[in-house]
Amino acid sequence: MAGNRTFTMIKPDAFEAGNSGAILKMIEEAGFKIVAMKATRLTPEMAGKFYEVHKERPFYKDLCAYMSSGPIIAAILEKDNAVEDFRKLIGATNPEQAAEGTIRKIFAKSIEANAVHGSDSDENAAIEGNFYFSQFERVI
Ligand code: IDP
């Protein structure tokens, strides 16, 4: 059975553009409950660790620099079928290929600066949530 939590970040481009509130509104209106949230900033080392699975990809270095270039919002979200439903809400990685009405279609600037992160599996949702939040910083 699919899990009921996923993990998201509002990335530096969307935070800097002042789109965090509008994005959180879309997330809540889609039925997700925010069960942990913080504004923070990654160091390049932390971004490198978070995106370690991509370390062989050509865009890894730029991605780590971009993700540590400004503040972000990290959050754990709750909903039935959370991972899959949230991936649908955010749309494709490349905003040019994202469906109309998705968060990336509306707010992303490029394939790299694509406004939001969404976990791609229940396992990664748990790992990523634990990367940012202790058990005392989340609704249990
Ligand atoms: P996802 O975020 O849609 O799951 P991934 O393939 O896991 O996409 O890539 C992680 C992040 O790396 C993307 O959200 C985007 O910020 C960046 N990225 C992915 N592909 C490219 C690329 O071809 N060029 C530059 N950045 C990319």
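Residues numbered from 1 in each chain as written. Predicted model: local features only at pLDDT ≥ 70, side-chain atom pairs only at ≥ 80, totals over all residues.

The condition is simple: UniProt positions are given in the numbering used here, feature names are shortened, and annotations may be inferred rather than shown by experiment.
Per an unreviewed UniProt entry, the chain carries the name nucleoside-diphosphate kinase and comes from Algoriphagus kandeliae. The record held by UniProt for the chain lists under Cofactor (unreviewed entry) the comment "Mg(2+)". Per its UniProt entry, the chain bears the Sequence similarities (unreviewed entry) comment "Belongs to the NDK family."

1. Looking at the site of the ligand
Threshold: Working rule for contacts: place C-beta from the backbone, and if it is within 6 Å of a molecule or strand, that residue counts as near it. Each residue gets one of three labels, nonpolar for Ala, Val, Leu, Ile, Met, Phe, Trp, Tyr, Cys and Pro, charged for Asp, Glu, Lys and Arg, and polar for the others, Gly among them.
Near the ligand you find Phe 59, Leu 63, Thr 93, Ile 111, Glu 112, Asn 114, His 117 and Asp 120, and these make up its full shell. Residue composition of the shell around the ligand, grouped by class: 3 nonpolar, 3 polar and 2 charged.

2. Regarding the UniProt feature "active site" (unreviewed entry) in the chain
Stated formally: To qualify as a helix, a DSSP run of H or I must reach at least 4 residues; to qualify as a strand, a run of E must reach at least 2; elements of each kind are numbered from the N terminus. Three exposure classes are used. Buried residues have 20 or more other C-beta atoms within 10 Å of their own C-beta, exposed residues have 12 or fewer, and partly exposed residues fall in between, all C-beta atoms being placed from the backbone. By definition, residues are in contact whenever their C-beta atoms, placed on the basis of the backbone, come within 7 Å of each other.
When the UniProt feature table is mapped to this numbering, "active site" (unreviewed entry) covers His 117. Relative to the helices and strands, His 117 resides in strand S4 (residues 116-118). Here His 117 falls in the buried class, since 20 other C-beta atoms lie within 10 Å of it. With sequence-adjacent residues up to four places away left out, His 117 is seen in contact with Thr 8, Met 9 and Lys 11.

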